[in-house]
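A structural walkthrough
Chain by chain, the residues:
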Amino acid sequence: MSGLRVGGVELRSPVLAASGTFGYGTEVPLCDRPRLGGMVSKGIFLQPRPGTPPPRIVETPSGMLNAIGLQGPGVEALIRDYCPLWAEWDFPVLVNINGESVDEYAELAARLDGVPGVSGLEINISCPNVREGGMFFGKDPAQAAAVTAAVRRSTRLPVWVKLTPAVSDLAEVARACESAGADALCAINTLVGMSFDLGTGRPRLAFGTGGLSGPAIRPIAVHLAHQAAQSVAIPVIGIGGIGGAEDALEFLYAGCQAVQIGTATFIDPNAIGKTMEALEALDWRRLVEGTRAAISSG
Amino acid sequence: MFELQAPLIARREVASGMWVLSFSAPEVAATARAGQFVNLLLRPGPLLRRPFSVYRATSGVVEVLLKPVGAGTAGLAALALGESVSLLGPLGSGFQLDQAAGSVALVSGGLGVAPMPLAARAAAALGLQVHWVHGARTAAELCSEWEGRRVHWATDDGSIGYHGSVLAAIPEGIGQVVACGPNRMLAALAARFPRAQVAIETYMGCGTGVCLGCAVPRTSGVYDRACKEGPVYQANDIRWDVLPQHLHYGLGA
């Protein structure tokens, strides 16, 4: 089942758990783990963060808005409490890293370098739910490249960059990250959204805005993942509203080497297992390679 | 934790617009404790699951209490007998009943009665004297089912029982208070019974502890998860001024 190397990481299957939807890998007992390609842990900062006040989530048509605010214990607690567990696991764990400055990203990368249990880093320059940093770096090609280069210099680990859809030209940001040394790109993070409570006339999320995820964003995600894959030579990992094998196949046909499943895990704790099982039944490798060959020769 | 395809086997109206749905879910029925909940997924239906306290759990059947307020609850209430939902549970912490307390008041407002039948049976099994204290806006909205012999009702309009807040109907000299209802009611209860066990209400994403959507503000300064550490808390552990008091459920599919 292995032999799938994407962006410097040996994956067990092409279906990974997306950051923020699988905790630290200890919280989803019903997931069929042998089918899990790998996981990206909940976004971490150097310091502990309390997160945003509730309400933090709201359901929307075919989707949900979230504003969790990257609640987390900070990198030292992550290294102490979770990395030793991950070192024993038979699938790779990437850490989603966040900072309010380029230096903070670099410091996090340096701190995680060589820590047993960490197979790679996913740079989050696309979180819409923090006041400082986050999406700010992902909106500007020069800033995105600066963060990527700083992380690249600070670690020997594979470096993936998670892109925001909130840009006018994703290809430009994708190429900037590639030039700065990224090993792979993840497309896309959530889209910024808002919803008002009809009873109070106020935003339904305490933070005001939130990140939209779920099936509602899938066509946008497929388009942007395709655009990224067309723009760079490094692998692209597709994310956005994947709920099953057919959705995953769309991203693979769009040129992605792997996919991440997020919101679907909230609904079905074994969404990843079921997706991978169905991909196997479809003989996904042959299907994708055959289609690519047919397209390039046609 | 189990995820089962659970067929609806019975439905009954226990108050005006308030229904008990009975699902066949043997593994969950055998393991659910008072104060725990199940997360139900309706297909076709809204994207996310809907959490419900376990109302009763006996002989392979899990019962939940609901009032149709949005697309999710309306869809569940309209299920035909024999149709199935995906039932995930049991989830969350349960009530911690104190045997040494001697007596317990199970205080509920409206739909907050949901976890109380199971709590009453657990309390009785421990030998506690059980007081069933239940309030609603009107007699018609009062749950018509109760447990035990010591029953105290309250209605806002005085149509039955004590005229006024259910909190005023709590008898004196009770060893332990267990409560569930609107967060506004629980906040008021917390001022009088800071050590009461309360089952709170929040928006919830996954129910399994990964999404961090059901954040509960603790007096210790941290947020934790209603679905994992909760939904039962000691009343004075919660920052009631930060916990949303108004939950809007009118959601689209």
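Refer to the structure above for everything that follows.
Okay, so let's go over this structure.

So, how was this worked out
Residues numbered from 1 in each chain as written. Chains lettered and ligands numbered in written order. Predicted model: local features only at pLDDT ≥ 70, side-chain atom pairs only at ≥ 80, totals over all residues. Heavy atoms only, no water. Helix = DSSP H or I, 4+ residues; strand = E, 2+ residues; numbered from the N terminus. Buried < 20%, exposed > 50% of the residue type's maximum accessible area, 1.4 Å probe, protein only. Contact = heavy atoms within 4.5 Å. Pairing = 2+ DSSP bridges. Axes fitted to C-alpha atoms, helices over the stretch in contact; angles between N-to-C directions. Phe/Tyr/Trp six-rings, centres within 6.5 Å; stacked < 30°, edge-to-face > 60°.

1. Focus on the environment of A:Phe207
Residues and elements named next belong to chain A.
- The topology assignment puts Phe207 in the loop between strand 11 (191-194) and strand 12 (209-213).
- Note on Phe207: relative accessible area 14%, which makes it buried.
- As for Phe207 and Ile68, which are separated by 139 residues in sequence, their C-alpha atoms are 8.7 Å apart.
- Sequence-distant contacts of Phe207, that is, excluding residues within four places in its chain, are made with Thr52, Ala67, Pro128, Asn129, Val130 and Arg131.

2. Some thoughts on the sheet that holds strand 15 (residues 232-234) of chain B
Residue and element names in this part refer to chain B.
- Overall, mixed pairing links the seven strands, which are arranged 10-9-8-7-11-12-15 in an open sheet. Strands with a single pairing partner mark the edges of an open sheet, and in this sheet they are strand 10 (162-163) and strand 15.
- Bridge analysis of strand 11 (residues 176-180) against strand 12 (residues 197-199) gives three bridges, and the strand direction is parallel. By the bridge assignment, Ala179 is partnered in strand 12 with Val198.
- Strands strand 7 (103-109), strand 11 and strand 12 of the sheet are contacted by helix 4 (residues 183-192), whose axis makes an angle of about 160° with strand 11.

3. What about unusual backbone geometry?
- Cis geometry marks the peptide bond from A:Ala187 to A:Ile188, where omega comes out at 15°.
- Secondary-structure assignment places A:Ile188 in the loop between strand 10 (184-187) and strand 11.
- A cis geometry characterises the amide bond from B:Gly89 onward to B:Pro90, with omega recorded as -5°.
- Secondary-structure assignment places B:Pro90 in strand 6 (residues 84-91).
- Even without being a glycine, A:Leu70 presents a positive backbone phi close to 50°.
- Note that A:Leu70 resides in the loop between strand 6 (63-66) and helix 1 (75-81).
- Phi at B:Leu212 takes a positive value of approximately 60°, unusual for a residue other than glycine.

4. Here's the deal with the packing of aromatic side chains
Residue and element names in this part refer to chain A.
- As enumerated under the stated definition, the model contains six aromatic pairs over all chains in all.
- Their ring planes at 90° and their centres at 5.5 Å tell us that Tyr105 and Phe137 sit as a pair that is edge-to-face. Here the residue Tyr105 occupies a position in helix 3 (residues 102-112), and Phe137 occupies one in helix 4 (residues 135-138), the gap between them amounting to 32 residues. An identical accessibility class is assigned to Tyr105 and Phe137; each is buried.
- Ring geometry for Phe136 against Phe137: centres 5.1 Å apart, planes inclined by 70°, an arrangement best described as edge-to-face.
- One aromatic cluster is present, formed by Tyr24, Tyr82 and Trp86 through successive ring pairs.

Honestly, it's all geometry; don't read function into it.
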